[in-house]
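# Inside the fold
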Amino acid sequence: HTGRLALYLLGLQATCPPASPHRSLVTWLKYYLEEDWTGSRRHGHPITSYYQYGLGVLALCVHHKRVREEVIRRLLTAQHHGRLGHGGNTVDTEAVVALAFTCLERRRLVGAGLAAELQAAAHGASRSMAEAQGPDGVIGNIYSTPWALQVFLATGTCQTEPAFGQAMAALLENLEAFGTAATMAQVLPVLHGRSYLDITSMHCQEEPGRSWGQWDWGRCGGHHRGGWVSPVLWWLLADTLTPLDTEPLAEVPGNKTVQLVVECPLPWCYDLRLYDRSVPVPSAASLLDVLQAAAALEPPDFKFHTQDTPQGPYLTEVLGLEARHEKRNYWQLLTAPNTPLQMGIADYRPQDGETLILRLSEW
């Protein structure tokens, strides 16, 4: 509930709503933040994830609500000790936390001493993201890159950090990857040279029948312009249950063969390679199609399960082995020999003869 409600409240604020029609939702978010931590106190991390926890703090700040210092300290401590990792990629979590820190400091919702700590932590996160940039300009993966760009924009380092321009170029080359409401909501502000923090400073103006927000041109420029950004952002942030309708891909004639490998290292398994088989599929098949085709082969020795998320289906179980948050593991997607995929299972379309690896990994 923490992350979903936080996104909804961010979207709601982007509509320039009347005074406090959502007070009860803010109260619920505060409650979820406490439950999220209390229920897992013995583990030393939230029940959900630091990503959702940081998103909750960010949403409260955008609504100009004070957050208890203990809650903020939990995030600071996690960042200082390198505990923000999730799914093998820490960029999106570090970015959300850095945005929350910057918001609290800018809106003066904390004392001067803590504000200085938060500013230093946010700028430290900005530097680490620049260092994590790959030669292709991507930071973490293509989906975490907009989060990193939002940090550069929010902290003002976009004006001096070379990684900003390189990451923006990589983003513009891969816009087709952002095909769901949730991922579009992350990339849309960046294309306007803005971050989620700018929701707090929009100029609201009345139009017939409803309120709309207007964003000024971003400090570091942008690639699209127009007053429609606020209502679109609201819809994208709030409507995270149903993927956007997109035009179906054109049929590609012919077939291809993909080698599907499942790896499970210690401590979860004694045999590293649990599955290794060629799977014939149509030429336009996605990784999800490959998994479904493998499950239909004879003998029936492959099975998997997915979970629907705002970003699309997420692989949760393979060959009876379930990736669980409590165990801090996940199913990593790679193309041989060891390159992590930049897209989800429904979006990635392997080449003929490619070897795809599903590897149970720790985060």
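Structure report, in brief. (Residues numbered from 1 in each chain as written. Predicted model: local features only at pLDDT ≥ 70, side-chain atom pairs only at ≥ 80, totals over all residues. Heavy atoms only, no water.)

### Describing the sheet that holds strand β3 (residues 255–263)
Overall, mixed pairing links the 5 strands, which are arranged β4-β3-β10-β8-β9 in an open sheet. Two strands close off the open sheet at either side, each with one partner strand: β4 (273–282) and β9 (339–340). Here 2 bridges tie strand β8 (residues 329–335) to β9, and the two strands are oriented antiparallel to one another. In the strand pairing of β9, Leu334 is matched with Pro340. (Pairing = 2+ DSSP bridges. Helix = DSSP H or I, 4+ residues; strand = E, 2+ residues; numbered from the N terminus.)

### Here's the deal with unusual backbone geometry
The residue after Glu298, namely Pro299, is reached through a cis peptide bond having omega -5 degrees. For Pro299, the location among the structural elements is in the loop between α11 (287–296) and β5 (304–309). In this structure, Pro337 follows Ala336 across a cis peptide bond, with omega equal to 5 degrees. Among the structural elements, Pro337 can be located in the loop between β8 and β9. For His64, which is not glycine, the phi dihedral falls at a positive 60 degrees. Along the chain, His64 falls in the loop between α3 (50–62) and α4 (69–80). Of note in the backbone geometry, Arg108 takes a positive phi value of approximately 55 degrees without being a glycine. In this structure, Arg108 sits in the loop between α5 (91–106) and α6 (112–131).

### Re the packing of helix α7 (residues 145–155) against helix α8 (residues 162–173)
The geometry of α7 relative to α8 is characterised by a closest axis approach of 10 Å and an angle of 145 degrees between their N-to-C directions. Crossing of α7 over α8 shows left-handed handedness. Of α8, the residues touching α7 (which contributes Thr145, Pro146, Leu149, Phe152 and Leu153) are Ala163, Phe164, Ala167, Met168 and Leu171. (Axes fitted to C-alpha atoms, helices over the stretch in contact; angles between N-to-C directions. Left-handed = near helix turned anticlockwise from the far one by under 90°. Contact = heavy atoms within 4.5 Å.)

### A look at α8
With 12 residues, α8 ought to run about 16 Å at 1.5 Å a step, and its terminal C-alpha atoms sit 17 Å apart, in line with that. The complete set of buried residues in α8 reads Ala163, Phe164, Ala167, Met168, Ala170 and Leu171. Along the axis of α8, the buried positions cluster into a sector of 160 degrees, meaning they face one direction only. Away from its buried face, by an angle of more than 90 degrees, α8 presents the exposed residues Pro162 and Glu173. Residues of α8 that are buried make contact with α6, α7 and α9 (181–191). (Expected span 1.5 Å × (residues − 1). Buried < 20%, exposed > 50% of the residue type's maximum accessible area, 1.4 Å probe, protein only. Arc of directions from axis to C-beta.)

### Focus: the packing of aromatic side chains
For the coordinates displayed, the defined rule picks out 9 aromatic pairs. Measuring from ring centre to ring centre gives 5.0 Å for Tyr275 and Phe302, while their planes differ by 50 degrees; the resulting arrangement is tilted. With Tyr275 in strand β4 and Phe302 in the loop between α11 and β5, this residue pair connects regions lying 27 residues apart in the sequence. For the pair Tyr275 and Phe302, one class covers both residues: buried. Members of the aromatic cluster, each reached through a chain of ring pairs, are Trp28, Tyr31 and Tyr32. (Phe/Tyr/Trp six-rings, centres within 6.5 Å; stacked < 30°, edge-to-face > 60°.)

### Examining the packing of helix α1 (residues 2–13) against helix α2 (residues 23–38)
Taken N-terminus to C-terminus, the directions of α1 and α2 make an angle of 150 degrees; their axes are 10 Å apart at the nearest point. Here α1 lies roughly antiparallel to α2, going by the angle between them. For the element pair α1 and α2, the recorded crossing hand is left-handed. In this structure, α1 uses Thr2, Leu5, Ala6, Tyr8 and Leu9 to contact α2, whose residues at the interface are Leu25, Val26, Trp28, Leu29, Tyr32, Leu33 and Asp36. (Parallel < 35°, antiparallel > 145°, perpendicular 65-115°, else oblique.)

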